[in-house]
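Take a look at the letters that make up each chain.
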Amino acid sequence: MPTAHAPAEPSSWPLPATGQRTVIPPAVLDSIAGHPLCEGCMPHGVGFYPQARGHRMVRDNLADYLLIYCVSGRGKLQVDGQTHGVAGGDLVLLPAALAHRYQADSQLPWSIYWVHLGGHEVPRFFDEIAGRADGRIVRVGVHSRLAEEFQALLAAATRVQPEHLVYAANLLRSLLAFAALMRHQHDVRHATLDVNRVNGYLQTALHRRLSLDELAEATSDLSRYHFIREYKRQTGQTPMQAFQRIKVSHACYLLDITEDTVVQIAARLGYDDPYYFSRLFKKVMGVSPQRYRQERGQ
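None of the values given here were measured: they were computed from a predicted structure.

Rules of the game
All residue numbers here refer to positions counted from 1 along the written sequence of the relevant chain. Predicted model: local features are reported for residues with pLDDT of at least 70 only, side-chain atom pairs are reported and counted for 80 or more only, and whole-chain, interface and lining totals are derived from all residues. Processing note: side-chain calculations cover all non-hydrogen atoms of the structure and skip hydrogens and water entirely. Secondary structure counts use DSSP, requiring at least four H or I residues in a row for a helix and at least two E residues in a row for a strand, with both numbered from the N terminus. In this treatment the radius of gyration is a C-alpha quantity, and the globule benchmark scales as 2.2 Å times the residue count to the 0.38 power. Buried means the residue's accessible area, taken with a 1.4 Å probe over protein chains only, is under 20% of the maximum for its type, while exposed means over 50%, and partly exposed covers the values in between. Residue exposure ignores everything except the shown protein chains as possible cover, and the areas themselves are Shrake-Rupley values with a 1.4 Å probe. Charge convention: Lys and Arg are scored as positive, Asp and Glu as negative, and His as well as the terminal groups of each chain are ignored. To locate a charge, take atom NZ for lysine, CZ for arginine, CG for aspartate or CD for glutamate. A pair of strands counts as paired when DSSP detects no fewer than two bridges linking them. Axis definition: a line fitted to C-alpha atoms, limited for helices to the stretch in contact. Angles are taken between N-to-C directions and run from 0 to 180 degrees. Any two residues whose heavy atoms approach within 4.5 Å are treated as being in contact. The term nonpolar core refers to a set of buried residues drawn from Ala, Val, Leu, Ile, Met, Phe, Trp, Tyr and Cys, joined through side-chain atoms within 4.5 Å. Two rings from Phe, Tyr or Trp (for Trp, the six-membered ring) form a pair when their centres sit within 6.5 Å of each other. Planes less than 30 degrees apart are called stacked, planes more than 60 degrees apart edge-to-face, and all others tilted. Cation placement over rings: the criterion is NZ of Lys or CZ of Arg within 6 Å of the ring centroid and within 35° of the ring normal.

Draft legend 1. Quick look at the overall build of the protein chain. From N to C terminus, the protein chain includes 11 helices and 10 strands. A compact globule built from 298 residues should have a C-alpha radius of gyration of about 19 Å, whereas the protein chain, at 26 Å, is more than 25% larger. Taking the principal axes of its C-alpha atoms as reference, the protein chain extends roughly 75 × 45 × 30 Å. For the protein chain, the proportion of its 298 residues judged to be buried stands at 47%. Roughly 15,400 Å² of accessible area belongs to the protein chain as shown, and the carbon and sulfur atoms make up 50% of that amount. Charge-centre separation for the protein chain: the mean point of 32 positive side chains lies 3 Å from the mean point of 28 negative side chains.

Draft legend 2. Structural context of the sheet that holds strand β9 (residues 111-118). Taken in spatial order, the 6 strands make up an open sheet running β1-β2-β9-β4-β7-β10, and their pairing is antiparallel. Every other strand in the sheet has two partners, leaving β1 (20-23) and β10 (137-139) as the edge strands with one partner each. Across the sheet, the mean angle from the axis of one strand to that of its neighbour is 15°, orientation sign disregarded. Taken together, the 4 bridges between β1 and strand β2 (residues 42-49) define a ladder with antiparallel strand orientation. Among the inter-strand pairings, Val23 is bridged to a residue of β2, identified as Gly45. Against the sheet, helix α4 (residues 162-189) touches β2, β4 (65-72), β7 (90-94), β9 and β10, its axis set at about 65° to β2.

Draft legend 3. The arrangement of unusual backbone geometry in detail. Positive phi values are uncommon outside glycine, yet Asp80 reaches one of about 55°. Inspection of the secondary structure assignment puts Asp80 in the loop between β5 (74-79) and β6 (82-87). You will see that Ala97, though not glycine, has its phi angle at about 75°, which is positive. Of note, Ala97 is situated in the loop between β7 and β8 (100-104). Of the residues examined, Ala97 reaches a relative accessible area of 51% and is grouped as exposed.

Draft legend 4. Inspection of the side chain of Thr22 at higher detail. For Thr22, the location among the structural elements is in strand β1. Sequence-distant contacts of Thr22, defined by excluding residues within four places in its chain, comprise Gly45, Val46, Trp114, Ala157 and Thr158.

Draft legend 5. Fine view of the nonpolar core. Counting residues in each nonpolar core, the largest one holds 44 residues, and the members touching the most others are Leu67, Leu117, Phe150 and Leu176. Counting residues per element, the ones that place at least two in this core are α1 (26-31), β2, β4, β7, β9, α2 (122-130), α3 (144-157) and α4. Among the elements that take part in this core, α4 stands out by supplying 12 residues, more than any other. Excluding anything up to four places from it in sequence, Leu117 contacts Met42, Pro43, His44, Asp64, Tyr65, Leu66, Leu67, Val122, Phe126, Leu172 and Leu176. Counting residues in each nonpolar core, the second largest holds 20 residues, with Leu77, Tyr102, Ala104 and Ile112 among its members.

Draft legend 6. Summary view of the pairing of β4. Of all 8 residues that make up β4, 7 are buried, and the element is covered over most of its length. Note: β4 against β9, 7 bridges, orientation antiparallel. Bridged to Leu66 within β9 is His116. Examined bridge by bridge, β4 and β7 share 4 bridges and lie antiparallel to one another. What sits directly across from Tyr69, in β7, is Leu91.

Draft legend 7. Looking closely at the environment of Arg245. Structurally, Arg245 can be placed in helix α8 (residues 239-257). Measuring from C-alpha to C-alpha, the distance between Arg245 and Val115 comes to 42 Å, with 130 residues separating the pair along the chain. Those residues within four positions of Arg245 in sequence are excluded, and the remaining contacts are Gln237 and Val284.

Draft legend 8. Main features of the packing of aromatic side chains. In this structure the tally under the stated criterion is 11 aromatic pairs. Ring plane angle 65° and centroid distance 5.7 Å describe the contact between Tyr49 and Trp114, whose orientation is recorded as edge-to-face. One end of the pair, Tyr49, is in strand β2; the other, Trp114, is in strand β9, and 65 residues separate them in sequence. When sorted by exposure, Tyr49 lands in the same class as Trp114, which is buried. When the ring of Tyr102 is compared with that of Trp110, the centres are 6.1 Å apart and the planes differ by 50°; the resulting orientation is tilted. Summarising the burial analysis for this pair, Tyr102 and Trp110 share the class buried. An aromatic cluster of three or more residues is present, and its members are Tyr271, Tyr276, Phe277, Phe281 and Tyr292. Across the ring face of Phe178, the terminal group of Arg145 is positioned such that the distance to the ring centre comes to 5.1 Å. In this arrangement the basic side chain of Lys247 is found over the ring face of Tyr271, its NZ or CZ atom lying 4.7 Å from the centre.

Here it is, written out as structure tokens:
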């Protein structure tokens with residue numbers, strides 16, 4: 001039995017002619033609560049507040065989830081006993097039941113898009129957007145495409161027919177997925193280590209041994225310790241683990257297209273000990289090089 005939706009709680013900030021605010025009535029949401037295409041992620045209200053001087057909100061217990069996208073200006077968020085500045089290009093992620101307060105800057109008030117939302121998929125989307133970031137504010141940068149996603153959602157949410165609401169729900173999914181992608185792209189572009197540069201260098205060293213110190217010196221200005229930590233933070237593995245996997249992947253290619261022996265392939269990849277190479281190959285692929293080739297009819 002679908003549960004009744006709590007109403008969205010937008011602020012009562014006076015809406016100017018260029019502003020937009022739509023709240024979907026809870027009864028309308030309840031009417032499609034069990035629809036398989038929208039029950040997991042559904043907008044409850046959406047809006048755009050341009051240069052929102054005097055905009056402020058205090059909530060002791062947020063009824064649903066709230067995503068705010070600041071496209072210009074400044075504001076501040078108070079949550080978890082801390083005060084955070086919000087600027088153009090920031091996303092504010094507020095989960096349900098979280099006490100908070102926020103307001104626009106008095107000198108340079110923010111312009112924001114916002115959406116109240118709910119559904120069992122929403123926490124996972126919020127986790128994807130936040131990534132490894134700490135806190136409630138995530139930097140993604142200002143993107144016209146993300147603003148367009150909000151505008152499309154605004155247009156769809158003004159219609160209360162079931163087919164329009166299903167469309168709005170899936171526009172919301174697209175918006176959240178794009179926000180997560182933009183967060184990832186921002187992290188990559190502003191990282192202290194260029195992982196693509198490191199991986200490119202690893203590709204050039206496939207046929208030889210490579211020390212970690214040489215790799216770090218050739219591809220970054222970081223210390224050995226920070227080089228390993230930053231590479232692992234971005235990729236989930238150490239640089240040398242990545243190098244081993246790249247070598248094993250190339251070994252698979254050679255096993256597929258050549259008649260070279262395992263000893264010859266090991267040598268081509270910089271391994272003097274073919275037994276060590278075979279153990280490494282099995283650790284990565286789950287089978288020995290010989291078994292790998294046999295299973296592919298070589």
